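# Overview (structure and organization)
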Amino acid sequence: MQETRSATQPKFLYHRMTKLTNNPLILPLKNDSDDTILQDLDDIPRICRAIQNDWRNANDNAMFCLNRLTAVNLRRCLKERLEGYVSGRISRSRNKVDILLTGCEVSLWLAEQFASDLQKAFPNLHVHATSSNKLLGLFGQEDISIPSIGFPYTDHTLKFDDAIMIIVSHSGGTFAPLACSSLFQSFTKNIFVVTSEWDTQIGKQLRSMYTDENESKLVLNSHIFSTAVGTRTAEPCSISVVATHQLLTNIFQYICIVILNNEKYRQLSGAIVTERDLQVLERCNRDNIDALEEIVGTDDRGTKFESHEEKELRKAGDFWSEHILENAKAYIMSFLYIFGTVIAGYPLVTGLATVLGLEAGSNFSFLTRLFDATIYFFLPQINVILLRIIQGRPLRHRMVGRTVVIADIPWVKNAAEAFLSKIFACSYSIAGLNVHSANPTDHLVHRMTHRVVRGTLIVCGRPDGRLSALTAAENAVSLSINQASSIQSIGSTCETITIGHNRVKLPLSARAIFLKRHRPLFLCEYLLGQKDGEGEMNSSQCGLSSSTHSSHHRFGSRGRSQETLLDETIPRLDNHLRVEKTKKPKIRSSVALLGQYKRMEKTKKPKIRSSVALLGQYKRMEKETINKLQFDQHFLDQSKKISMRNVIDGAIYEKKWLTEARRLFEFLDKNNDGILSMVEFVEGLQCLKCDRT
C-alpha cells in the first residue's frame with residue numbers, strides 16, 4: 001500500500017503494509033515502454049550478470065550485498081542439520097525432510113528442478129519440493145485438512161521438524177507461499193525465501209521471527225534471497241524465471257561447497273558431486289551470459305547488437321505468426337471483397353463478363369452468377385490459399401485455429417507454455433492460439449501424437465548430444481519428434497522447429513535453429529575429435545609409401561601391432577592433404593609435421609554427426625577403452641569393475657604418453673629428417689643415459 005500524507009493508518013494494519021515510496025529496499029518501477037515483454041527480455045543478461053557479480057562480491061550496489069549474508073545464514077542452518085546427524089542428536093528417518101522447497105506455478109517448477117538436482121548430487125539427503133497449496137491443504141486448517149488425492153502427502157508421511165525451508169516466490173506476496181511462511185514457523189525457524197525484492201510480504205513474515213532483536217542483529221539474521229528484478233508489469237513471466245533460475249544455481253553451488261568442505265558431511269550426504277564438477281558448473285554458469293546475449297541480441301549493459309541466433313529465432317517467429325494471423329487477414333480480405341463487389345453491383349466473374357461484352361439477360365449470365373456465388377461461399381478459403389502462396393507457406397495445412405506444442409524438460413516446457421499462453425490471453429478468437437506442452441523423453445508421444453494434424457506447430461528443445469551424457473537423451477528426443485512428424489494426411493503433417501547445439505537437422509523437421517557453443521570442449525568431445533583424426537590417418541596413411549615404412553626402425557611389444565616411433569608422431573591429416581599416388585611423397589621433419597597438424601587443428605571444422613551416429617561412436621570408444629584396460633588391475637575398482645572415472649583417467653594417460661613419445665622422437669632425430677637411423681638412436685640413448693647420471 002502506498003502512503004499518503006492525508007491518510008492515517010490504523011496501528012494494527014500498519015505493520016502489515018509495505019511502503020512503496022521512500023523505501024530503499026524496493027526498486028522503483030521501470031519506465032513506461034511500448035513493449036514491456038521486450039523490455040524484460042532485453043534486461044535478462046544484465047540481471048544475470050549482476051546476480052553472478054554479487055556472489056563474487058563484485059557489485060557496488062548495496063542492495064545485492066545481503067544475498068551473501070543470507071547465504072551465510074543458510075550455511076549455518078545446513079551445518080546445524082548435518083551436525084545433528086553426525087552427533088546422533090537427530091535420528092535418520094525415511095519421512096524426515098531435510099530441505100523443503102515450495103512455491104506456486106512457475107516458481108514451483110523452478111523449485112522442483114532445484115530439488116531434483118540437489119537430490120541427485122546428495123542422495124542421502126531428503127530434498128523435497130511440493131506445491132504451497134498442498135501444504136496449506138494438509139496443515140492450514142485444523143481438523144479440516146484437504147487430502148492430496150493422487151499424491152503421497154499426509155501429516156504422517158512427511159516430517160518437517162527443523163527442516164530447511166526455501167520458499168520461491170517472485171512477487172513475495174502470492175497467497176499460498178505467503179500463508180506457508182507464517183504457518184511453518186511452528187515447524188521450523190530455518191525458513192528462507194527467494195524473491196524479487198528485499199521488502200515483500202513474505203519478507204515481513206520472516207523478519208517477524210526476530211522482532212525481539214535489535215536492528216543490527218535483525219539484519220545479520222537475513223533469510224531473504226533477492227534477484228533484484230523488482231516489480232515487472234508484463235504478465236508473461238520471462239526475466240523473473242531466468243533470474244530466479246540464476247539465483248537458485250548460485251544457491252545450489254553454495255550448498256555443494258558447504259558440504260564438500262567437510263569430509264563427514266560428504267559421507268553423510270553420499271555426495272556424488274565433486275569439486276571438479278563445481279568448477280565446470282561455474283565455468284558454464286559464467287559463459288552462459290554470453291549465450292543469453294546472443295539469444296536476446298542485447299549485452300549485459302543493455303546495448304543492442306546484431307546476433308545471428310536472435311535473427312534466426314525472430315525469423316522463425318515471424319513465419320509462425322503468419323500461420324496464426326492468416327484467418328484474421330483472410331477475414332479482412334473477404335470483408336473488402338464483399339463490400340466492394342456488392343456496393344459496386346459487379347461481382348468478379350459477372351463484372352469481367354460484362355466488360356467482355358456479355359449481356360445481362362443472355363443465356364450464359366446464370367453461369368457467371370453461379371461462379372460468383374461459389375466464390376462468395378469459398379472466399380475465406382480462397383483468401384487463405386492466396387496468402388499462403390504469396391508468403392511461401394505450406395498449402396495443405398488445415399484452415400483452422402493453430403495449436404502450438406512445446407517439447408522440452410519439465411520446468412522449461414511448463415514455463416514456456418505459461419509464457420506463450422499468457423501472451424495470447426487477451427487475443428481475439430480469430431487470432432487465438434492453443435498451447436500445450438509435453439516432455440519429449442517421457443509422454444510427448446502418448447499425449448500428443450494422436451492430436452497431430454496438418455498444421456500443428458511443434459517447437460522442441462534438443463539436448464546437446466555431442467556430450468556423451470546427453471547423447472541418449474538427444475536420441476530419445478529425435479525419435480519422439482520424428483514419430484510425431486511422420487503422422488501425415490494428404491501428404492502434409494505438423495510443422496516442427498528444433499532448437500539446440502548439435503548442428504544436424506532432423507529429416508522430418510521443417511526448420512532447425514542452432515545455437516553457438518560458448519563453453520570449452522569437454523573431454524568426450526576432445527576424444528571424439530581424436531577418433532576422427534585417427535580414422536582420417538588410417539584412410540590416408542599420411543601419404544607415406546610402404547617402402548618408406550619398411551625402412552623405419554621399429555619398436556613395440558609383442559602383444560601390440562608393430563609400430564615405429566615415427567608412426568606415433570605422424571599427425572592425423574585431413575583427406576584433402578593426401579599425396580597423389582603418381583607423385584613422390586614429400587618427406588617432412590617431425591617438427592614440420594607437428595606444426596602442420598597444429599595449424600590444421602585450429603582451422604579444421606569439427607565433424608558433424610547425428611545423435612544416432614554420436615551414440616554409436618561413443619559406445620565404440622567405451623568398448624575399445626574397456627578392452628584395453630580390462631586386463632590392467634590398476635583400472636579396476638573395489639568391485640572388480642572398470643569405473644567411468646578410471647576409463648577417463650586411462651584416456652588421459654594414453655594421450656600424455658603419446659605426447660611424451662613425440663618429444664622423445666624429436667630429441668633423438670638430430671637431423672630433423674623425419675627418419676630415425678640406428679646411429680641417431682644409439683647416440684640419443686647415450687645422451688639420455690648421461691643426462692640421468
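As shown above, the structure is provided for reference.
Attention here is on the structure that accompanies the text. The structure presented is a predicted model; accordingly, all values stated were derived computationally and were not measured. (Residues numbered from 1 in each chain as written. Predicted model: local features only at pLDDT ≥ 70, side-chain atom pairs only at ≥ 80, totals over all residues. Heavy atoms only, no water.)

### Points about the overall build of the chain
What counts here: Strands here mean DSSP runs of E at least two residues long; helices mean DSSP runs of H or I at least four residues long; both are numbered from the N terminus. With a 1.4 Å probe rolled over the protein chains alone, any residue whose accessible area is under 20% of its type maximum counts as buried; one over 50% counts as exposed, and the rest are partly exposed. When checking whether two residues touch, look at their non-hydrogen atoms; a contact exists if any pair is within 4.5 Å. Calculation of accessible area relied on Shrake-Rupley with a 1.4 Å probe; when residues are assessed, cover is drawn exclusively from the protein chains displayed.
Scanning the chain from N- to C-terminus turns up 26 helices and twelve strands. Here the chain holds 693 residues, and 43% of them are scored as buried. Of the contacts made within the chain by residues no fewer than 6 positions apart, 69% connect residues no fewer than 24 positions apart. Carbon and sulfur atoms form 57% of the exposed surface of the chain, whose accessible area is close to 38600 Å².

### Description of the sheet that holds strand β9 (residues 495-500)
Backbone-to-backbone hydrogen bonds pair the strands of a sheet. The strands run either parallel or antiparallel. Going by this rule: DSSP-based pairing: two strands are paired if at least 2 bridges between them are found. What counts as an axis is a line fitted to C-alpha atoms, over the stretch in contact for a helix, and the angles between N-to-C directions run from 0 to 180 degrees.
Judged by pairing direction, the sheet is parallel, and its five strands sit side by side in the order β7-β6-β8-β9-β10 without closing on themselves. One side of each edge strand has no neighbouring strand; the edge strands of this open sheet are β7 (433-438) and β10 (511-514). Each neighbouring strand pair of the sheet contributes to a mean axis angle of 15°, computed without reference to strand direction. Pairing of strand β8 (residues 457-461) with β9, which is carried by five bridges, proceeds in the parallel orientation. Within β9, the residue paired with Ile458 across the bridge is Thr496. Contacting β8 and β9, helix α19 (residues 471-485) crosses the sheet at an angle of about 170° to β8.

### Focus on the pairing of strand β3 (residues 164-168)
The element β3 is extensively covered by neighbouring structure, given that five of its five residues are classed as buried. Along β3, one buried face is formed by Ile164, Ile166 and Val168 and the opposite face, lined by Met165 and Ile167, is buried too. Pairing of β3 with strand β4 (residues 191-195) involves four bridges; the strand directions are parallel. Counted as the bridge partner of Met165 is Ile191 from β4.

### Quick word on the nonpolar core
Short version of the rule: Side-chain atoms within 4.5 Å are what join buried Ala, Val, Leu, Ile, Met, Phe, Trp, Tyr and Cys residues into a set we call a nonpolar core.
One finds Leu101, Phe122, Phe225 and Ile251 to be the most contacted residues of the largest nonpolar core, which totals 53 residues. If you tally residues by element for this core, the top one is helix α10 (residues 239-260), at 13 residues. Every residue in contact with Ile251, bar those within four places of it in the chain, is listed here: Trp55, Leu74, Phe114, Val194 and Phe225. Among the nonpolar cores identified, the runner-up in size contains 22 residues, and Tyr153, Ile191, Val193 and Leu206 belong to it.

### Focus on the side chain of Ser107
With respect to the helices, strands and loops of the structure, Ser107 is situated in helix α5 (residues 105-121). Among the residues examined, Ser107 registers a relative accessible area of 13% and is labelled buried. Residues within four places of Ser107 in sequence aside, it is in contact with Val168, Ser169 and His170.

### Side note on helix α16 (residues 379-391)
Quick reminder of the rule: Any helix carries an expected span of 1.5 Å times its number of residues minus one.
Taking 1.5 Å per residue as the helical rise, α16 with its 13 residues ought to reach 18 Å, and the 18 Å between its terminal C-alpha atoms agrees with that figure. Three or more residues of α16 are buried, namely Leu379, Asn383, Val384, Leu387 and Arg388. On its buried side, α16 packs onto α13 (308-344), α15 (365-377) and β6 (402-407). Backbone geometry just after α16 places Gly392 at a positive phi near 70°.

### Some points on the packing of helix α14 (residues 348-355) against α15
When two helices pack together, their arrangement is given by the angle between the helix axes and by the axis-to-axis distance. Note the threshold: Any residue that is not Ala, Val, Leu, Ile, Met, Phe, Trp, Tyr, Cys, Pro, Asp, Glu, Lys or Arg is counted as polar, Gly included; the first ten are nonpolar and the last four charged.
Remark: α14 packs on α15, axes separated minimally by 7 Å, with the N-to-C direction vectors making an angle of 150°. Every residue of α15 that contacts α14 at Leu348, Val349, Thr350 and Ala353 is listed here: Thr368, Arg369, Phe371, Asp372 and Ile375. Considered class by class, the residues forming the contact of α14 with α15 number five nonpolar, two polar and two charged.

### Notes on the sheet that holds β4
Read from one edge of the open sheet, five strands run β2-β1-β3-β4-β5, paired in parallel fashion. Single-partner strands in this sheet number two, and they are β2 (127-131) and β5 (224-226). Neighbour to neighbour, the strand axes of the sheet diverge by 20° on average, direction disregarded.

### Side note on unusual backbone geometry
One non-glycine residue with positive phi stands out, namely Glu105, at about 50°. For Glu105, the location among the structural elements is in helix α5.

### Focus: the pattern of salt bridges
Side-chain pairs of opposite charge can arise where the charged atoms are in close proximity. Rules: Counted as salt bridges are all cases of a side-chain nitrogen of Lys or Arg within 4 Å of a carboxyl oxygen of Asp or Glu.
Taken as a whole and assessed by the stated rule, the structure comprises 28 salt bridges. A salt bridge links Arg388 to Glu326, with the nearest nitrogen and oxygen atoms 2.8 Å apart. With a gap of 62 residues between them, Arg388 in helix α16 and Glu326 in helix α13 connect regions that are remote in the sequence. Each of the two residues, Arg388 as well as Glu326, counts as buried.

### Overview of the packing of aromatic side chains
We apply this condition: Two rings belonging to Phe, Tyr or Trp (six-membered ring only in the last case) form a pair when the distance between their centres is within 6.5 Å. Interplanar angles under 30 degrees mark stacking, angles over 60 mark edge-to-face geometry, and anything in between is tilted. Geometrically, a lysine NZ or arginine CZ counts as sitting over a ring once it is within 6 Å of the ring centre and also within 35 degrees of the ring normal.
Scanning all chains against the criterion turns up 14 aromatic pairs. A cation over a ring is seen here: Arg92 above Tyr85, with NZ or CZ 4.5 Å from the ring centre. Sitting above the plane of the Phe319 ring, Arg511 keeps its charged end 5.8 Å from the centroid.

### Description of the side chain of Asn414
Mapping Asn414 onto the fold places it in helix α17 (residues 410-423). Taking relative accessible area as the criterion, Asn414 reaches 16% and is therefore assigned buried. Asn414 has contacts with Trp109 and Ser437, leaving out every residue within four places of it along the chain.

### Description of the packing of helix α4 (residues 66-87) against α10
Just so we agree on the cut-off: Roughly parallel here means an angle under 35 degrees, roughly antiparallel means over 145, roughly perpendicular means 65 to 115, and every remaining angle is called oblique. The hand of a helix crossing depends on one turn: near helix anticlockwise from the far one by less than a right angle means left-handed, and clockwise means right-handed.
Two elements in contact, α4 and α10, have axes whose closest approach is 10 Å; the angle formed by their N-to-C orientations is 45°. As the angle between them shows, α4 and α10 are arranged oblique. As α4 runs across α10, the sense of the crossing is right-handed. Of α10, the residues touching α4 (which contributes Asn67, Ala71, Val72, Leu74, Arg75, Leu78, Lys79 and Leu82) are Leu247, Ile251, Tyr254, Ile255, Val258 and Ile259. A breakdown of the residues in the contact of α4 with α10 according to their chemical character gives eleven nonpolar, one polar and two charged.

### Things to note about the state of the cysteines
Going by this rule: In what follows, a disulfide is any cysteine sulfur pair within 2.5 Å.
What the rule picks out here adds up to zero disulfides. Take Cys180: it sits in no disulfide, and the sulfur closest to it among the cysteines is that of Cys104, at 7.7 Å.

### With respect to the environment of Ser196
Here Ser196 shows up in the loop between β4 and α8 (201-207). Each C-alpha atom, one on Ser196 and one on Ala243, is 8.8 Å from the other, the two residues being 47 residues apart in sequence.

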